[in-house]
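# Report on the structure
Spelled out from the first residue to the last, the chains are:
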Amino acid sequence: PFNRAPFEPTGGGLHDRYALLGRLRGSVPELYSGDMSAAALSPDVLTVTRSLGDGRVVCVINRSEAAFRLPFSVLEAFYGDPSELSPMSAGIYRI
């Protein structure tokens with residue numbers, strides 16, 4: 001099943017990913033104070049968007065076996081490729 005597939009592609013381990021996510025949450029206001037909305041862009045691509053004032057940060061989760069081209073312009077990539085997500089990956093972006 002999907003939850004058993006290797007998710008962290010660089011080999012750095014889950015600890016490094018969680019540490020990065022914790023630093024992001026503490027330094028990006030939208031992630032600790034913003035409103036949240038979720039949407040499915042397809043059956044295998046999910047988004048969680050956090051908004052605060054004019055700022056928006058979106059996490060895109062691609063659980064498919066195909067690459068996914070992002071349908072929006074990225075102002076800043078916190079994690080992940082700013083134009084396309086690899087299969088079974090995720091990205092966090094300011095849009």
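Small disclaimer: the values here were computed from a predicted structure and weren't measured. (Residues numbered from 1 in each chain as written. Predicted model: local features only at pLDDT ≥ 70, side-chain atom pairs only at ≥ 80, totals over all residues. Heavy atoms only, no water.)

### Overview of the sheet that holds strand β5 (residues 76-79)
What counts, and what does not: Two strands pair if DSSP finds at least two bridges between them. Only DSSP runs of H or I covering at least 4 residues are called helices, and only runs of E covering at least 2 are called strands; the numbering of each starts at the N terminus. Axis definition: a line fit to C-alpha positions, over the contact stretch in the case of helices; interaxial angles, taken between N-to-C directions, run 0 to 180 degrees.
Across the sheet, which stays open at both edges, the five strands sit in the order β1-β2-β3-β7-β5 with antiparallel pairing between neighbours. Every other strand in the sheet has two partners, leaving β1 (35-42) and β5 as the edge strands with one partner each. Averaged over neighbouring strand pairs, the angle between their axes works out to 20° when direction is ignored. Sheet topology note: the strand β3 (residues 55-62)/strand β7 (residues 89-94) ladder contains six bridges and is antiparallel. Directly across from V57, in β7, lies its bridge partner R94.

### Things to note about a nonpolar patch on the surface
As a reminder of what qualifies: Exposure above 30% relative accessible area and no salt bridge define the residues that can form patches, which grow by joining like charges within 9 Å and nonpolar side chains of Val, Leu, Ile, Met, Phe, Trp and Tyr within 5 Å. Only the protein chains shown count as cover for residues, with accessible areas throughout obtained via the Shrake-Rupley method and a probe of 1.4 Å. What counts as a salt bridge is simple: a side-chain nitrogen of Lys or Arg found within 4 Å of a carboxyl oxygen of Asp or Glu. Note on exposure labels: buried denotes an accessible area under 20% of the residue type's maximum, exposed denotes more than 50%, and partly exposed covers the range between, all computed with a 1.4 Å probe on protein chains only.
Taken together, the side chains of L14, Y18 and L21 present a nonpolar region at the surface, about 350 Å² in accessible area. With respect to the helices, strands and loops of the structure, Y18 is situated in helix α1 (residues 14-27). We classify Y18 as exposed; its relative accessible area is 60%.

### Some points on the layout of surface pockets
Counted only if it meets this: In this analysis a 1.4 Å probe is tested at points of a 1 Å grid over the protein atoms alone, and where it fits but cannot get out there is a cavity; an open set with protein on both sides within 12 Å along at least five of seven lines is a pocket; lining residues have an atom within 4 Å of a point. Grid points are joined across faces, edges and corners, and a volume is the space filled by probe spheres set on the points. The nonpolar class holds Ala, Val, Leu, Ile, Met, Phe, Trp, Tyr, Cys and Pro. Asp, Glu, Lys and Arg form the charged class, and all remaining residues, Gly among them, are polar.
Roughly 180 Å³ of internal volume is contained in the second largest pocket. Only α1, β2 (45-52) and β3 provide two or more residues apiece to the lining of the second largest pocket. Classifying every residue of the lining of the second largest pocket gives eight nonpolar, no polar and two charged.

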